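# Architecture at a glance
Residues per chain, in single letters:
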Amino acid sequence: MYIVFLIIAVFMLDVILYCEQLLKEEAALTFERLPFLLFTTLYPVLIGLVFALPTFIQTCVTKGSWTFDWLSFTVLGIPALLIDLIFLVYFYPVGIDVPLSFFAEYGSQASIICGLAFGYLALSCWKKKAAAAVLSL
């Protein structure tokens, strides 16, 4: 099962890198950077979802009621999403001033890591609680 997900992940990474190169060339020609920025912000989330997919499928197969780990999602997921989206906030005119030193020090690596973490947490926070055994007297 894991070999299938590995093949899917490698194929998906190849397609993503090809699309990123096309969007980079288009941004250089048209000076429209927003599609390229959206893509580079969102593709790590998709890769994180693919990494979490095998565990999520195993969770779906098990019996029980669905629960959501709000603590992990709130403490880790939301800040990871905000750091992933910080580049869009900087380049999009919404009136929020982000210091340029943040980008010089951490760069796009922080965005990629946080996007991967958010994508993984988006699926891994869903769990199934085993049904309680009913005791009969």
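### What about the nonpolar core?
Membership of the largest hydrophobic core is limited to eight residues, which are V45, F68, F73, A80, C114, F118, L121 and C125. Of all the secondary-structure elements, those providing two or more residues to this core are α3 (70–84) and α5 (100–124). The residues contacting C114, other than those within four sequence positions of it, are A80, I83 and D84.

### What about a nonpolar patch on the surface?
Side chains of I3, V4, L6, I7, I8 and V10 sit close together on the surface and give an oily, nonpolar patch of about 570 Å² of accessible area. Here I7 is to be found in helix α1 (residues 2–30). Look at I7 and you get exposed, because its relative accessible area is 57%.

### Section: α3
The end-to-end C-alpha distance of α3 is 20 Å, a good match for the 21 Å that 15 residues give at a rise of 1.5 Å each. Where α3 bends most, at G77, the angle is about 30 degrees, and the proline P79 comes one to four residues later. Of the positions making up α3, those classed as buried are F73, G77, A80 and D84.

### Things to note about the environment of S65
When you line up the elements, S65 lands in strand β1 (residues 65–68). Separated by 62 residues in the primary sequence, S65 and K127 place their C-alpha atoms 8.3 Å from one another. Apart from residues lying up to four places away in sequence, S65 is in contact with K127, K128 and K129.

Each value, and the rule that gives it
- Residues numbered from 1 in each chain as written.
- Predicted model: local features only at pLDDT ≥ 70, side-chain atom pairs only at ≥ 80, totals over all residues.
- Heavy atoms only, no water.
- Core = buried A, V, L, I, M, F, W, Y, C linked by side-chain atoms within 4.5 Å.
- Buried < 20%, exposed > 50% of the residue type's maximum accessible area, 1.4 Å probe, protein only.
- Helix = DSSP H or I, 4+ residues; strand = E, 2+ residues; numbered from the N terminus.
- Contact = heavy atoms within 4.5 Å.
- Patch = residues over 30% accessible without salt bridge, like charges linked within 9 Å, V, L, I, M, F, W, Y side chains within 5 Å.
- Areas by Shrake-Rupley, 256 points an atom, 1.4 Å probe, with all protein chains shown as cover.
- Salt bridge = Lys/Arg side-chain N within 4 Å of Asp/Glu carboxyl O.
- Expected span 1.5 Å × (residues − 1).
- Bend = angle between axes of the 7 residues up to and from the residue.

All we've got here are geometric facts, nothing functional implied.
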